[in-house]
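Structural description and commentary
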Amino acid sequence: MDQPVSGEREADRPSVRMGPWRFVVWFGTVSLLADVVYEGARSITGPLLASLGASALVVGVVTGAGESAALGLRLVSGPMADRTRRFWGLAIAGYALTVVSVPLLGVAGVLWAACVLVIAERVGKAVRSPAKDTLLSHATAATGRGRGFAVHEAMDQIGALVGPLLVAGMLALTGNDYGPALGVLAVPGIAVLLLLFRLRARVPDPEAYEREVTAAAPRAPDGREGRLPRAFWTYAAFTAATTTGFATFGVLSYHLVQRHLLSTAWVPVLYAAAMAVDAVAALATGWLYDRLGPRVLIALPVLTAGVVALAFTDTVAVAVLGSLVWGAAMGIQESTLRATVADLVPSGRRATAYGLFAGVVGVASLAGGALTGGLYGYSIPALITVVVAIQALSVVLLLVTWADADTRAARQRDC
C-alpha cells in the first residue's frame, strides 16, 4: 500500500489482482516460511542459551526482553506505518532482519552475542508486524475478521511445526551442533523475501479490499481518524494482564531439560506439537469469534493459569500437557487478539493501534519473562499462586472491555 503514482486515479490503479482469500493464503505462505525460520530458532533458545552458560533468570529475561522488543518497538513502527503509508516496505524490512539474524545465531559462540541476536530477531518482528497486520486486516474485512486471521495463523503454525522438526532433525544428525541446525534455516528465509516482492507487485494496495466492503471514502493522506476508542485501551489492559502471567517457551524448555524430563533433541519436537495445537486453537476461536465476538477470549486467562500449574511439574506427561496448553493459549494470542483490534479501531488509525497495543503488551512480556524466570528459581508454588491471581484480574478487565464495546456499538447505532 505504498504511495500511488501521482495523478493516477484510484479506479485505474491495479491495486487488487487477486481475491481476498487468495491474498490471505499467500500472506499465510509468507508467514509459514518465516515461521520455519524463527520458530525453528525459538524452539531451542532456552537450551542454546543454557549451553553458553545462561541461568534460568537470564533465559527468562532475554526471552522476555525479546518479546518486549518485538512488541514495545511497535510504538514506533505502528505510527510510522500510518504516517508514511509504506506498509509493504516496512513489512519487507522487518522480515529481512529476522531471516538474517537466525542463521547467525547458530555461530554466535558466546552468550552476549547470542542474546543480542535473539533480541534482534524479535526487533525484525517489531518492524514488520503493525504494517503486516494492517495489510492483512484489509483483506479480512471481506473474509471475516476471525476466520481470516485464524486461517493466516493456522498456516503460520504449519511453519512453526516444520521449523522445529527441521531443527530437531539437524540436531540429531550433527550431535546437537547448533550451527548447521540454524544455518539451514537461511533457505526458507530467502524464499520469504522473494515471495514478499512478488505479492507486493500483485497487490500494491490491499486497502481496496476493505473499501469494496465498506464503500468508505479514501482515507486522508495522514490517516488520522480521531482518538482511539476507550474499548481499545481497556482491551489492551486485559491483554497486558494476561500476558504478564504467560511463561515463555524458553523457560518451559529450560525446566524440561534441566530437570531431565526431555533431552535437548526432543524439545523442538514438543514445540512443534505445541504449534499444531496453536493452529487448531486459532481456527476454533476464530470461527467462534465471528459468531460470538470477543467473549471467546475468556478462554485465554484460563489457559494461561493452566500452563504454569501443569508445565512446571516433575512428571513428564503433565509437563508435556502444560506445554501443549501453552500452544493453545498462543493460538488465541496470535489470531483472535489481533482480529479484535481490527474491529475496535477505524482503518486509518489501525497500524498505530497495533503498535500501541503491542507496546503495552511488550512491557507485560518483559515483566512476564522476568516474573516466571525469577519465581521459577525461587518457588514454583509461589509462581503458580501469583499467575493465577493475575489471571483473575485479567478476567475483570475483559468484562470491562465487553461493557465498553457494547456501549460504543450502541452509540454507533443511535447515530
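All of these numbers come straight from a predicted model, not from anything done at the bench. (Residues numbered from 1 in each chain as written. Predicted model: local features only at pLDDT ≥ 70, side-chain atom pairs only at ≥ 80, totals over all residues. Heavy atoms only, no water.)

1. Here's the deal with the overall build of the protein
Of regular secondary structure, the protein possesses 18 helices and 0 strands. Buried positions account for 57% of the 415 residues belonging to the protein. For the protein, restricting intrachain contacts to residue pairs at least 6 apart in sequence, the fraction spanning at least 24 positions comes to 86%. Accessible area of the protein: about 15500 Å², with a carbon and sulfur share of 68%. (Helix = DSSP H or I, 4+ residues; strand = E, 2+ residues; numbered from the N terminus. Buried < 20%, exposed > 50% of the residue type's maximum accessible area, 1.4 Å probe, protein only. Contact = heavy atoms within 4.5 Å. Areas by Shrake-Rupley, 256 points an atom, 1.4 Å probe, with all protein chains shown as cover.)

2. Observations concerning helix α9 (residues 186-202)
Under the 1.5 Å per step criterion, the end-to-end length of α9 is 25 Å for 17 residues, consistent within 8% with the ideal 24 Å. When α9 is considered as a whole, its buried residues turn out to be Pro188, Gly189, Val192, Leu195, Leu196 and Leu199. Along the long axis of α9, the arc covered by the buried residues comes to 125 degrees, so they all point the same way. Among the exposed residues of α9, those oriented more than 90 degrees off its buried face are Val187, Ile190 and Leu194. Among the structural elements, α1 (20-42) and α5 (87-105) are those in contact with the buried residues of α9. (Expected span 1.5 Å × (residues − 1). Arc of directions from axis to C-beta.)

3. Regarding the packing of aromatic side chains
Evaluation of the coordinates by the stated rule reveals 12 aromatic pairs. Summarising the aromatic geometry, the rings of Phe232 and Trp233 are spaced 5.0 Å apart at their centres and angled 75 degrees between planes, so their arrangement reads as edge-to-face. Looking at Trp233, the relative accessible area reads 41%, which means it is partly exposed. Through pairs of rings, three or more aromatic residues link up here, namely Phe232, Trp233, Tyr235, Phe238 and Phe357. (Phe/Tyr/Trp six-rings, centres within 6.5 Å; stacked < 30°, edge-to-face > 60°.)

4. Focus: unusual backbone geometry
Unusually for a residue other than glycine, Asn176 sits at a positive phi of about 65 degrees. With respect to the element layout, Asn176 can be found in the loop between α7 (145-174) and α8 (178-183). Of note in the backbone geometry, His260 takes a positive phi value of approximately 60 degrees without being a glycine. Looking at the element boundaries, His260 is found in the loop between α12 (249-258) and α13 (267-292). Here His260 falls in the exposed class, since its relative accessible area comes to 73%.

5. So, the nonpolar core
Counting residues in hydrophobic clusters, the biggest one holds 100 residues, and the most contacted among them are Phe23, Phe312 and Trp326. Here the element with the most residues in this core is α1; it accounts for 10 residues. The residues contacting Phe312, other than those within four sequence positions of it, are Ala247, Val251, Leu252, His255, Val307, Tyr376, Ile380 and Leu383. Leu261, Leu262, Leu270 and Ala319 belong to the second-largest nonpolar core, a separate cluster that totals 5 residues. (Core = buried A, V, L, I, M, F, W, Y, C linked by side-chain atoms within 4.5 Å.)

6. Side note on the UniProt feature "transmembrane region" (unreviewed entry) in the protein
In this structure's numbering, the residues bearing the UniProt feature "transmembrane region" (unreviewed entry) are residues 21-38, 44-66, 87-120, 178-197, 232-257, 269-289, 353-376 and 382-403. The span residues 21-38 carries 100% helix and 0% strand; its end-to-end C-alpha distance comes to 25 Å. In residues 232-257, helix accounts for 85% and strand for 0%; the two terminal C-alpha atoms are 40 Å from one another. (UniProt positions renumbered as here; feature names shortened; annotations may be inferred.)

7. Structural notes on the environment of Ala364
Looking at where Ala364 falls in the secondary structure, it is placed in helix α17 (residues 350-378). For Ala364, a relative accessible area of 5% corresponds to the buried category. When the C-alpha atoms of Ala364 and Glu67 are compared, they prove to be 9.3 Å apart, with 297 residues separating the residues in sequence. With residues near it in sequence (within four places) discarded, Ala364 still touches Ala240, Thr243 and Thr244.

8. Considerations on the environment of Leu228
Along the chain, Leu228 turns up in the loop between α10 (207-214) and α11 (230-244). In this structure Leu228 comes out as buried when scored by relative accessible area, which is 12%. With 122 residues separating them in the primary sequence, Leu228 and Arg350 have C-alpha atoms 9.2 Å apart. Apart from the residues within four sequence positions on either side, Leu228 is in contact with Trp233, Val345, Arg349, Ala353 and Leu356.

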